[in-house]
Amino acid sequence: MMPNALIATIVALTGVTSAFLPTAPSPTSAVHHRSSHQNHHHLQSSSPLPLLSMVTAKSTTTTSEELIPREILFGNPENTSPLLSPDGNHLAYLAPSPDGVMNIFIRSNFAAAADENELFVAGRMITNSPKRAIRSLAWAYDSSTIFYMQDDDGDENFHLFAVDNATTSVSDDDGIIPTARDLTPGKDVKAQNIFTNYRYPDQILVGTNQRNPKVFDMYRCYYKTGELVLDTINPGDVIGWKVEDVSFEVRAATVRNSVDSSTTVRVRSRAGSIDIDSDDNNEEGDGKDTEWRDVFHYPYGEEGGLINFCPDDGKTGYITSSLGRETTALLKVDMMTGETIEEIYCNEKANVGGITLQRDTKELRAVTYNYARTERVFYDDELKKDYEFLKSTAPDSEIEIGVASRSLDEMKWVVAYSSSSGPTSYVVYDKLKQTVSPLFVSNPKLLPYKFAPMEVVSIPARDGLELVGYLTRAVEKGGPPTPLILLVHGGPWARDYWGFNPQAQWFANRGYATLQVNFRGSTGYGKTFLHKGDKQWGVGDMQHDLTDSVEWAIREGIADKDNICIKGGSYGGYACLAGLTFTPDLYKCGVDIVGPSNIKTLLDSIPDYWAPLRNGMLLKIGDVDGDEEFNKKISPLYHVDKIKAPLLIGQGANDPRVKQSEADQVAFSMTEKGIPVEYVLYPDEGHGFARPENRIDFNGRVEHFLAKHLGGRAEEFAEVEGATARFPLLEKEGNQAEEA
């Protein structure tokens, strides 16, 4: 079976202290401004307008007329991430603990329950993370051990943990929770590149930076005992590894050139041994077969990489490549010479996405791509029939189907039915019996409410480039213009997707349309579209695409031109700051979450293990290292005095990507200049807000901020138990008052 990479994503943090810790103020009490700004039309303080009453009798709202509670939209799901054990007998899933923290639960003897059509009975909790949610899990091939990833308050130093005997039957009354073992211990150690293999059920391969914080070596972990053996050394330029299945050896490395930011795939025919007693821990050369060879090369500007080896001792394999074409194609290649054996699939408008291979033969079964929605191309008639059957059982034709997990024999599947206008539902597909049975709905508390469909839209940029966007309306098409939230994705080398978006539904319910745009520089649309974003931050075409999208929404009668907010996280937070500074008359207000304000200081403070990627970031962003004026040109911090609209900032104190100083410097600068700004800091969060208490707290502040400035509806704000909000601007005032 293709090795399963257990992928942990998101977040980071560090502690902050202050002599002055005020009680949490109301969402509007942290606004700072001076009288010279109070007459600007964007900053007038007024009661929220009853927006729904302004809708004409001929128009209707797209969501429930009652306010959908923030706690339901942004709290924990009831159950999620269901995974069948390899033997198909047990189900692992995530659910809230009695303390409201997402933990891992096991439903043992699941196969027997499925046969009796009693699919979901709450299982027993096998982990006890007391504060921070577990967000990723995987089965070992012994169908007894569970792996999961966890970091510390968002610092992104994820460790790999194992829970033994997870399926052992224990009475719920006993309340016995197994003790999880840290397989990758050590301060500031981060684990990634995790592979399992059914042929080697007692071991896994895992990458960690325990030897050198800047690079990830591969270790062979005998997880039953916890023994961790150095397997493959990173010479300093490897950013990813691939494993050949039959031998379960590390046979390929993805290398990034720190000078020209090109990418090379190195391959070897078999693994060497390591002399752990040598000073440099170099791998010993056990003959030419163990030597690394540069086989595939992608100059900067090209896209692609190795997918997998074929079961012919790694002599052939699959890669993706944009060389000689606009979007990435799936190719079968000679792993010795790099020559193309067959060009299998290429889509003219979108890169190759997910690739499904047969577990043992590695025969291609299906390829996906996503221009606006997920599309599949089948190469296996049996798999195609499975999907057609699943589609026929879906609640409606708009549903997207995803496979959450399969048993090793592929006779039982857990399938996700996803919609843009409701929560994800999971079903169990019995392939042999050709039956589909309901498992659970991820968040059944959403079911009583009406939600808006997400529309795919095409937006022309000023230079004619076509932009794919997603629109969630507050009123039905043909209704009056409403305030608009431009919701900007992070990355920026990422993209938005169609599907249920709690933020967009929240805004629609409060009376705001939401527009999400895959601006140039977003991924998935080919190399030209991606690199049209190079050196276009802030004052360039990436930001122009956002401006053009707002103007399109105004022309189409969707958006009220006088009530536009720009909101986003990470790069989206930067785009918010850039929008308020470089197009100050376009936006009524802005919400910035973990957004950088000074690009030079952003890059100077990235984690050590991002070092091989830094030059590539400079090529995409521009030379903020060598050109001080360019950095000042694109960094909102140097243009704060141009801001006319009020800003709300949210920041995690332990963010390893966008440090707290990025928020501090823009918030304090705005305050000094008398420009309205609110700043909320969460000391136990990182690059985003993972704890639901903090999510709900911050979104309550956002909701009242928007109601004040855009006139929409707002649920009453109440202090959230367990939230850790702090207010650096007020703390500074308090400290100054004490000193005085």
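Every value quoted in this text rests on a predicted model; they were computed, and no experiment measured them.

Calculation notes
Residues numbered from 1 in each chain as written. Predicted model: local features only at pLDDT ≥ 70, side-chain atom pairs only at ≥ 80, totals over all residues. Heavy atoms only, no water. Helix = DSSP H or I, 4+ residues; strand = E, 2+ residues; numbered from the N terminus. Buried < 20%, exposed > 50% of the residue type's maximum accessible area, 1.4 Å probe, protein only. Contact = heavy atoms within 4.5 Å. Areas by Shrake-Rupley, 256 points an atom, 1.4 Å probe, with all protein chains shown as cover. Pairing = 2+ DSSP bridges. Axes fitted to C-alpha atoms, helices over the stretch in contact; angles between N-to-C directions. Expected span 1.5 Å × (residues − 1). Core = buried A, V, L, I, M, F, W, Y, C linked by side-chain atoms within 4.5 Å. Lys, Arg positive; Asp, Glu negative; His and termini not counted. Salt bridge = Lys/Arg side-chain N within 4 Å of Asp/Glu carboxyl O. Polar contact = N/O pair within 3.5 Å; in protein donor to acceptor, adjacent residues only side chain to side chain. Left-handed = near helix turned anticlockwise from the far one by under 90°. Nonpolar A, V, L, I, M, F, W, Y, C, P; charged D, E, K, R; others polar. Parallel < 35°, antiparallel > 145°, perpendicular 65-115°, else oblique. pLDDT = per-residue confidence, 0-100.

This part covers the overall build of the protein. Looking only at helices and strands, one finds 14 helices and 37 strands in the protein. Split into buried and exposed, the 740 residues of the protein put 58% on the buried side. Partitioning the contacts of the protein with sequence separation of at least 6, the portion at a separation of at least 24 is 62%. When the accessible surface of the protein is totalled, it reaches about 29300 Å², and 49% of it is carbon and sulfur.

On to the pairing of strand 15 (residues 263–267), then. In terms of burial, strand 15 is a largely internal element, five of the five residues being buried. Note that strand 14 (residues 249–256) and strand 15 share five bridges and pair antiparallel. Its bridge partner being in strand 15, Ala 253 is matched across the sheet by Arg 266. Linking two consecutive strands that pair antiparallel, namely strand 14 and strand 15, is a turn of six residues; a positive phi of about 60° is found at Ser 261 within it. The pairing of strand 15 with strand 18 (residues 293–298) spans five bridges and is classified as antiparallel. Residue pairing in the sheet places Thr 263 in a bridge with Tyr 298 of strand 18.

For the rest of this paragraph, the subject is the sheet that holds strand 5 (residues 137–139). Spatial ordering of the open sheet is given by 5-6-7-8, a layout of four strands whose pairing is antiparallel. The open sheet has two edge strands with one neighbour each: strand 5 and strand 8 (181–182). Where strand 6 (residues 146–150) meets strand 7 (residues 159–163), five bridges bridge the pair, whose relative direction is antiparallel. The residue bridging Gln 150 from the neighbouring strand is His 159, located in strand 7.

As summarised here, the arrangement of the three strands in space is 23-24-25, forming an open sheet in which the pairing is antiparallel. In this open sheet, the two edge strands, each paired with only one partner strand, are strand 23 (352–357) and strand 25 (374–378). Across this sheet, the average inter-strand angle for adjacent strands is 20°, counted without regard to direction. When strand 23 meets strand 24 (residues 364–370), the two strands line up antiparallel, connected through four bridges. Along strand 24, the bridge assignment pairs Leu 357 with Leu 364.

With 15 residues, helix 7 (residues 541–555) should cover 21 Å at 1.5 Å per step; its first-to-last C-alpha distance of 20 Å lies within 8% of that length. Along helix 7, the residues classified as buried are Met 542, Gln 543, Asp 545, Leu 546, Thr 547, Asp 548, Ser 549, Val 550, Trp 552 and Ala 553. Next to the buried residues of helix 7 lie strand 30 (454–460), strand 31 (466–472), strand 32 (482–488), strand 33 (513–517), strand 34 (559–569) and helix 8 (571–582). Remark: Gly 557 follows helix 7 within two positions and exhibits a positive phi of approximately 75°.

Bringing unusual backbone geometry into the picture now. The step from Gly 491 to Pro 492 runs through a cis peptide bond, and the omega angle for that step is 0°. Within the secondary structure, Pro 492 sits in the loop between strand 32 and helix 5 (502–510). The phi angle at Asn 193 is positive, at roughly 50°, despite the residue not being glycine. Note that Asn 193 resides in strand 9 (residues 191–195).

Moving on, we come to the pairing of strand 12 (residues 227–232). Working note: regular strand, side chains alternate between the two faces of the sheet. Bridge count for strand 11 (residues 217–222) against strand 12 is five bridges, and the pairing is antiparallel. Residue pairing for strand 12: Tyr 219 is matched across the bridge by Leu 230. Turn length for the strand 11-strand 12 hairpin, with the two strands adjacent in sequence and antiparallel, is four residues, and the turn residue Gly 226 shows positive phi of about 85°.

Let's shift gears to the nonpolar core. Nonpolar side chains tend to gather and get buried jointly when the protein is soluble and globular. If you look at the biggest cluster of nonpolar residues, it comprises 79 residues, and the most contacted ones within it are Leu 486 and Leu 515. Among the elements that take part in this core, helix 8 stands out by supplying eight residues, more than any other. Excluding its chain neighbours within four sequence positions, the residues that come into contact with Leu 515 are Val 457, Ile 459, Tyr 470, Leu 471, Leu 484, Ile 485, Leu 486, Leu 487, Ser 549, Trp 552 and Ala 553. Residues Val 594, Leu 648, Phe 698 and Leu 730 belong to the second largest nonpolar core, which totals 30 residues.

Assignment of secondary structure puts Lys 567 in strand 34. Buried charge Lys 567 goes without a salt bridge, the closest partner of opposite sign being Asp 592 at 9.6 Å. Reaching out from Lys 567, the side chain makes a polar contact with the side chain of Gln 503 at a distance of 2.4 Å. When sequence neighbours within four positions are dropped, the list of residues in contact with Lys 567 reads Ile 485, Leu 486, Leu 487, Val 488, Gln 503, Phe 507, Gly 572, Val 591, Ile 593 and Val 702.

Let us now look at the packing of helix 5 against helix 13 (residues 692–710). Taken N-terminus to C-terminus, the directions of helix 5 and helix 13 make an angle of 35°; their axes are 12 Å apart at the nearest point. Helix 5 and helix 13 meet at a crossing whose hand is right-handed. Counted together, Trp 506, Phe 507 and Arg 510 of helix 5 and Asn 699, Val 702, Glu 703 and Leu 706 of helix 13 form the full contact between these two elements. When the residues that make up the contact of helix 5 with helix 13 are grouped by side-chain class, the tally is four nonpolar, one polar and two charged.

Following both chains from N to C, one finds helix 7 and helix 8 inclined at 75°, their axes separated by 11 Å at the closest point. The orientation of helix 7 relative to helix 8 falls into the category roughly perpendicular. Along the contact surface, helix 7 presents Met 542, Gln 543 and Leu 546, while helix 8 presents Tyr 571, Ala 575, Ala 578 and Gly 579. Taken together, the residues of the contact of helix 7 with helix 8 break down into five nonpolar, two polar and no charged.

Attention shifts here to the confidence of the model for the protein. The predicted model of the protein averages 89 in pLDDT, with 87% of residues at 70 or higher. Counting interchain partners and residues more than four positions distant, the pLDDT-below-50 stretch residues 1–58 has 173 contacts.

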